[in-house]
Amino acid sequence: AVVSTQSTGEYAKHLHGVTERLFKGLSSGLGLEQNELKEAVGGDQLNYLLKINYYPPCPRPDLALGVVAHTDMSCLTILVPNEVQGLQACRDGKWYDVKYIPNAFVIHVGDQLEIVSNGKYKAVLHRTTVNKDKTRMSWPVFLEPPADFVVGPHPKLVNDENPAKYKSKKFKDYCYCKLNKLPQ
């Protein structure tokens, strides 16, 4: 199928609206002003990165994963899956299937939001499985700070009773450390 520039632009505009609502709600949940969380991760300079994941049928799904367990380096991930089950999230050491809901986004809190919230919001540990008979696809959009933007715990969420749990650093330095399995 051919995707037009117009439909891509409309989708991007829709995603920006969803993002605004998410950041406002997440900011309010932390007792911050509605724009403070978004500003703390780059504001209007946030990068929207679309990835297309393709998982073909696998004859032995019991021996393979689509993607190993991980958290996203982004602030938020907005995901559109197809109807083939495969996304799992971990809670309290147990894996749960993420139910497919038609015409709905799946939202993941990423590492940067965990850092800015000083641990009040937790990045979602997740993985993907493969299917024996069907192709699974997903279209995640990762919302990331600019590479040189410094991300750290929001000052209003740090005090004597709740000291900073994370170091402030440039997003590109955080990514380098995570990808190379270096201490943060």
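Attention here is on the structure that accompanies the text. (Residues numbered from 1 in each chain as written. Predicted model: local features only at pLDDT ≥ 70, side-chain atom pairs only at ≥ 80, totals over all residues. Heavy atoms only, no water.)

**Focus: the side chain of threonine 77**
Link 1 in the chain: Position of threonine 77 relative to the elements: it lies in strand E4 (residues 76–81).
Link 2 in the chain: Looking at threonine 77, the relative accessible area reads 2%, which means it is buried.
Link 3 in the chain: At 3.1 Å, the side chain of threonine 77 and the side chain of serine 74 are in polar contact.
Link 4 in the chain: Not counting residues within four places of it along the chain, the set of residues in contact with threonine 77 comprises Asp72, Val106, Ile107, His108, Pro140, Val141 and Phe142. (Helix = DSSP H or I, 4+ residues; strand = E, 2+ residues; numbered from the N terminus. Buried < 20%, exposed > 50% of the residue type's maximum accessible area, 1.4 Å probe, protein only. Polar contact = N/O pair within 3.5 Å; in protein donor to acceptor, adjacent residues only side chain to side chain. Contact = heavy atoms within 4.5 Å.)

**Digging into empty space enclosed by the protein**
Link 1 in the chain: On inspection of all chains with the given rule, the structure shows 1 cavity of 30 Å³ or more.
Link 2 in the chain: One number sums up the size of the largest cavity: a volume of about 50 Å³.
Link 3 in the chain: What lines the largest cavity is simply Pro81, Asn82, Val84, Gln85, Gly86, Leu87, Val98, Lys99, Tyr100, Val106 and Arg136.
Link 4 in the chain: A per-class count over the lining of the largest cavity returns 6 nonpolar, 3 polar and 2 charged. (1 Å grid on protein atoms, 1.4 Å probe; cavity = no way out; pocket = protein on both sides within 12 Å on 5 of 7 lines; lining within 4 Å. Points joined across faces, edges and corners; volume = space filled by probe spheres on them. Nonpolar A, V, L, I, M, F, W, Y, C, P; charged D, E, K, R; others polar.)

**Looking at the layout of surface pockets**
Link 1 in the chain: In this model, the largest pocket occupies a volume close to 490 Å³.
Link 2 in the chain: Lys51, Val67, His70, Thr71 and Asp72 are the residues nearest the centre of the largest pocket, which is lined by 25 residues in total.
Link 3 in the chain: Only strand E2 (53–55), strand E3 (67–70), E4, strand E8 (126–128), strand E9 (136–144) and helix H4 (171–179) provide two or more residues apiece to the lining of the largest pocket.
Link 4 in the chain: Residues belonging to the lining of the largest pocket are distributed by class as follows: 10 nonpolar, 9 polar and 6 charged.
Link 5 in the chain: Volume-wise, the second largest pocket comes out at about 340 Å³.
Link 6 in the chain: In terms of lining residues, the second largest pocket is bounded by 14 residues, among which Thr8, Tyr11, Leu15, Leu50 and Val141 are the most central.
Link 7 in the chain: Breaking the lining of the second largest pocket down by element, the ones donating at least two residues are helix H1 (5–29), strand E1 (47–50) and E9.
Link 8 in the chain: Top contributing element to the lining of the second largest pocket by residue count: H1, with 6 residues.
Link 9 in the chain: Of the residues contributing to the lining of the second largest pocket, the split by class is 11 nonpolar, 3 polar and no charged.

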